[in-house]
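Analysis of the macromolecular model
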Amino acid sequence: MSDMFEQAWSLMKDIDYDVATKVFTGRDNFVPSYGTDYKQMLMDVMEDSTNLPKDPIARTPKLFRSMKENELDSIKIGDRHPKRYFSPQKVTAQQYSQYWKDRNKKRRIGEFEMPVPLDHESVFRFYNDNTFRAFPEEEGVSDEQKERLAEGSNISIEEALERLGYADTAYMSSPSFQLGTERQNKFNEMMRNAGYDYVRHNEVASSILNPPVFSRFTEKMPRRNHHLTNEKLRDLNRNIQQRFGKNYPYKSVWHVGDEESAPVLEDVGEEHGGGDTDTDALLDLLFSGNISDIYDGIYNFEDR
């Protein structure tokens, strides 16, 4: 399987990072930091296989999480971290670090190991990994899943679907499971009773409202052979879409099981949030400003 993945990766067209850097740093309202190697930053993100739209096929995949200082104080390398949100994409955790940025509350990206693959029977999926959807609707849940949920808690399929719908409000804007709600508890209990330890879905709102800069570019790039864009930009657009698709999905993995099934902390990244680190510069490059700011980088590309 890994050989197939590596072959597919090698067939992807090379991205011209000189062109990409020029366009992405040339967008409106972006002020480059002197001496920052933005080209290398883009390469580190866009060549990272964890950031591909397809789920990784590793037997124990990496998961990432944006973590505040007080959370990091309560966990050390090698510890399990139950009942939290994670993502198999590093860029998704980075997006949350930028979204929750607070100079008085520094953050780090935690890297975890998930004990089972994402296609394991203990992972409940809303739709599939390349579907641009988020929370469940009845047509997005298989008959097998419905029966498994109902039988695990000895409830009707109708009640199982009602509890499944709690995901829409039990977790939205509530990243800390420790807060606890009746709906969270009922949702988690039903999942565990059915043998599920994880829930995997796509985060549509974040993907639409705060996509990474390479997705902003493909969204706003004029269609076909627009007279205001040149061949280098059209090639860049094609090659980025080949690798990341047109609608780039952010992915979420919730741990809802017991502690022994939780991901294990393996590493933590550089502290950021104060605006003076390489990670802060990277987050600004990827996520700062409005999506439409990229127009300036596109239409004024030849002037720079």
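These numbers come from a predicted model, not from an experiment. (Residues numbered from 1 in each chain as written. Predicted model: local features only at pLDDT ≥ 70, side-chain atom pairs only at ≥ 80, totals over all residues. Heavy atoms only, no water.)

Considerations on the overall build of the protein chain
The helix and strand tally for the protein chain stands at 14 helices and 7 strands. Across the protein chain, every contact between residues at least 6 apart in sequence was considered, and the portion connecting residues at least 24 apart equals 80%. A total of about 15300 Å² of accessible surface is found on the protein chain, and carbon and sulfur atoms cover 45% of it. (Helix = DSSP H or I, 4+ residues; strand = E, 2+ residues; numbered from the N terminus. Contact = heavy atoms within 4.5 Å. Areas by Shrake-Rupley, 256 points an atom, 1.4 Å probe, with all protein chains shown as cover.)

Quick look at the nonpolar core
Formed by 32 residues in total, the largest nonpolar core has its most connected members in Val23, Phe24, Met46, Phe217 and Ile240. Mapped onto this core, the elements with two or more residues apiece are helix H2 (17-25), helix H3 (38-46), helix H11 (213-220), helix H12 (231-244), helix H13 (278-287) and helix H14 (294-299). Here this core takes 6 residues from H13, the largest share from any one element. Sequence-distant contacts of Phe24, defined by excluding residues within four places in its chain, comprise Leu42, Val213, Phe214, Phe217, Ile240, Leu285 and Ile294. (Core = buried A, V, L, I, M, F, W, Y, C linked by side-chain atoms within 4.5 Å. Buried < 20%, exposed > 50% of the residue type's maximum accessible area, 1.4 Å probe, protein only.)

Some remarks on the confidence of the model for the protein chain
The predicted coordinates should not be examined in detail at positions where pLDDT is low. For the protein chain, the average pLDDT comes to 86, and 84% of its residues sit at 70 or higher. In the model of the protein chain, helix H1 (residues 2-10) stands out as the element of lowest mean pLDDT, 50, in contrast to strand E7 (residues 264-268), which has the highest, 98. Counted against residues more than four places away or in other chains, residues 173-178, with its pLDDT under 50, gives 16 contacts. (pLDDT = per-residue confidence, 0-100.)

Observations regarding H3
Residues of H3 that are buried include every one of Tyr38, Met41, Leu42, Val45 and Met46, and no others. Looking straight down H3, one finds that the buried residues subtend no more than 115 degrees of arc, so they occupy a single side. (Arc of directions from axis to C-beta.)

Brief notes about the sheet that holds strand E6 (residues 250-255)
Read from one edge to the other, the open sheet built from 4 strands follows the order E2-E6-E5-E4, with strand pairing classed as mixed. The outermost strands of the open sheet, each flanked by one partner alone, are strand E2 (85-86) and strand E4 (123-125). Here strand E5 (residues 198-203) pairs with E6 via 6 bridges, running antiparallel. Each residue of the ladder has a partner; that of Glu203, found in E6, is Tyr250. (Pairing = 2+ DSSP bridges.)

What about helix H9 (residues 182-193)?
Between its terminal C-alpha atoms H9 stretches 16 Å, which fits the 16 Å expected from 12 residues at 1.5 Å a residue. If you check which residues of H9 are buried, you get Gln184, Phe187, Asn188, Met190 and Met191. The buried residues of H9 occupy one face: seen down the axis, they fall within an arc of 160 degrees. Count one or two residues on from H9 and you reach Gly195, which has phi positive near 90 degrees. (Expected span 1.5 Å × (residues − 1).)

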